[in-house]
Amino acid sequence: MVRARSHLARGTQPPSVRARDEGPPSIAAPAPVSAATRLARAAGDLYGRALGDLLYPTWERLRGRPTFALLDHVERTQWAGLDELHAIQSGALRRLARHAYQHTAFYRQRFDAAGVGPDELRRPEDLARLPLLERQDARASAEARTSTAPPAIAVRKTTGGTTGEPMLIAYSAESRHWRDAMRWRGYGWAGYRPGMRALHFWGFGAQVPKNRLEKLKLDIDRTLRRDLYVDCTPRGEACLADTVAAIESFRPDVIVAYSQAGAALARHVLATGARTWSTIPVVCGAERLFPHDRVALESAFGPAVFETYGCREFMLIGSECEAHDGLHLSMESLIVELLVRERGGGVRAARPGEVGEVVVTDLRNLAAPFIRYVTGDLATARADGQCDCGRWLPRIGPIEGRVSETLRDGAGNPVDGIVFSILATRLAHHTRQFQAVQHLDGTITLKLVPMAPGQALDRHVYHLTAWFAKKYFGGLPITVQPVDDIPTTRAGKRNLVIVEKPGPQR
Ligand SMILES: [Zn+2]
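Values in this document were obtained by computation on a predicted structure and should not be read as measured data. (Residues numbered from 1 in each chain as written. Predicted model: local features only at pLDDT ≥ 70, side-chain atom pairs only at ≥ 80, totals over all residues. Heavy atoms only, no water.)

**Describing the side chain of Arg 179**
And step 1. Looking at the element boundaries, Arg 179 is found in helix α7 (residues 173-189).
And step 2. A polar contact of 3.0 Å, which involves the side chain of Arg 179, links it to the backbone oxygen of Glu 313. (Helix = DSSP H or I, 4+ residues; strand = E, 2+ residues; numbered from the N terminus. Polar contact = N/O pair within 3.5 Å; in protein donor to acceptor, adjacent residues only side chain to side chain.)

**Here's the deal with the coordination of the zinc ion**
And step 1. Within the first shell, the zinc ion binds the protein through Cys 321 (SG), His 328 (NE2), Cys 387 (SG) and Cys 389 (SG), at distances of 2.1 to 2.3 Å.
And step 2. Between the four donor atoms coordinating the zinc ion, the angles at the centre fall across 102 to 115°, so the site counts as tetrahedral.
And step 3. Between the donor residues of the zinc ion, the gaps in sequence give the motif C-x6-H-x58-C-x1-C. Of this pair, Cys 321 sits in the loop between β8 (315-320) and β9 (327-329) while Cys 387 sits in the loop between β13 (373-381) and β14 (395-402), placing them 66 residues apart in sequence. (Donors = N, O, S within 2.8 Å, 3.2 Å for Na, K, Ca; no water. Tetrahedral: all angles 85-135°; square planar, octahedral: opposite > 155°, others 65-115°.)

**Digging into the confidence of the model for the protein**
Detailed reading of the predicted coordinates is not advisable wherever pLDDT is low.
And step 1. The predicted model of the protein averages 84 in pLDDT, with 86% of residues at 70 or higher.
And step 2. Across residues 1-40 the pLDDT falls below 50, and counting only partners more than four positions away or on other chains, this stretch makes 61 contacts in the model. (pLDDT = per-residue confidence, 0-100. Contact = heavy atoms within 4.5 Å.)

**With respect to unusual backbone geometry**
And step 1. Residues Pro 150 and Pro 151 are joined by a peptide bond in cis, for which omega reads 5°.
And step 2. Take Pro 151: it is sitting in the loop between α6 (135-140) and β1 (155-159).
And step 3. Put simply, Gly 397 and Pro 398 share a cis peptide bond, and its omega is 5°.
And step 4. With respect to the helices and strands, the residue Pro 398 is situated in strand β14.

**Focus: the packing of aromatic side chains**
And step 1. Using the criterion set out here, one finds 16 aromatic pairs in the structure.
And step 2. With 6.5 Å between their ring centres and 85° between their planes, Tyr 107 and Phe 111 make a pair best called edge-to-face. In this pair, Tyr 107 and Phe 111 both sit in helix α5 (residues 105-114), four residues apart, roughly one turn of the helix.
And step 3. When its relative accessible area of 0% is taken as the criterion, Phe 111 is described as buried.
And step 4. Ring pairs connect the aromatic residues Phe 420, Phe 434, Trp 467, Phe 468, Tyr 472 and Phe 473, which therefore count as one cluster.
And step 5. Its end group placed over the ring of Phe 370, Arg 145 keeps NZ or CZ at 4.5 Å from the ring centre.
And step 6. Taking NZ or CZ as reference, Arg 197 lies 4.3 Å from the ring centre of Phe 250, over its face. (Phe/Tyr/Trp six-rings, centres within 6.5 Å; stacked < 30°, edge-to-face > 60°. Buried < 20%, exposed > 50% of the residue type's maximum accessible area, 1.4 Å probe, protein only. Lys NZ or Arg CZ within 6 Å of the ring centre and 35° of its normal.)

Printed below as a string of structure tokens:
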């Protein structure tokens, strides 16, 4: 019934599309809109171009950051053939292996235990000789993985993830520059260039300035980049309406959004008929993007929807290009393996079309190396080959999201929570949000937010859930609970599956 709203259908024009420069913008949010900006709009956004081409690169140079020189470099290598790309990786890997062996106690011990000399890691496939770096090992080894020789650590931060077990991440200045360059390249495929007006519908907590100088730098940075940050953590209708108002007043050239938050925003725009803009490219990340989310985003913001995949440990790992067929890897800075664990305890590379665990080696962070780090994410492998866009950078995707929690079926057998993505996909036309919770007593509650507030769930939802419970949980009942909203985590994400634990310590 929800789909009956004809103007919401994919590809139809919004009720009214207002020209970008019509009327003065009324700025409610703390948007860095100056007279120069408004003048620039009228002048074909010369100001934006000046920012992107001159001011922002100069600011980066003043801070000693060769971000834009690196960006120029990777803008060129993105068109290289696979041989050249592999040669870049191999060279960086040899340097990383030698450095990690000579200057970190952790990797020296690991290499020795595996019987691998540092000079024997010559090509990406040689990494298979080293063990995986599981998250718990990475957490416990932060100090032992820190290099005793330069480069020094330039950035320290923690990642909490969904496990509630924070991990310290540290990286060198070089690594930061690579991360920034790779992000600009990946975002560039979505048409997002420095100097553009970007609305970030994102979870907060990532950049909290430590002191006034930090805050000043952050403010200059955001002003030069013309970023408007809107917290996507509260996703109620009021917050979504405020975000639409921010779009109206700020008039972004691009929206960067958590995938599920962006999708919720898109559905709000469609349900309220709020679209007054022509196409705004949307760069999604941080959460799973389901096909129906993409349809909603395309209807609300136009066809330029781009998925990205990254994590706090490495920043941008993969990014969708204009061909919209998988995510190209940030190959010049990372080696990404998709691995399947075998029953005997071994691992092998996922075959094309198969889902594997995302395992990353950071080629540019010598300060505290990550070699074969298991990210906890799942993605579908693809065969190597040239993309329709002309690039050879290998692709992965779809991104399946976090390795889910493990639930228990009626007989106590483990069930990977990833199976709930099957149910989520099937229920996509009936619910806006979805979350499965297994309680301490083993019972499962499926929280669903109906398409419209207060709307009764279709009988089909109950039938599908019963079918799913029988097929995957040995008939363990799954209780459907319609709710108005599903809260997000502290990081502003919404987990598909939660398994309640008997306390913080296990
Ligand atoms: Zn491509």
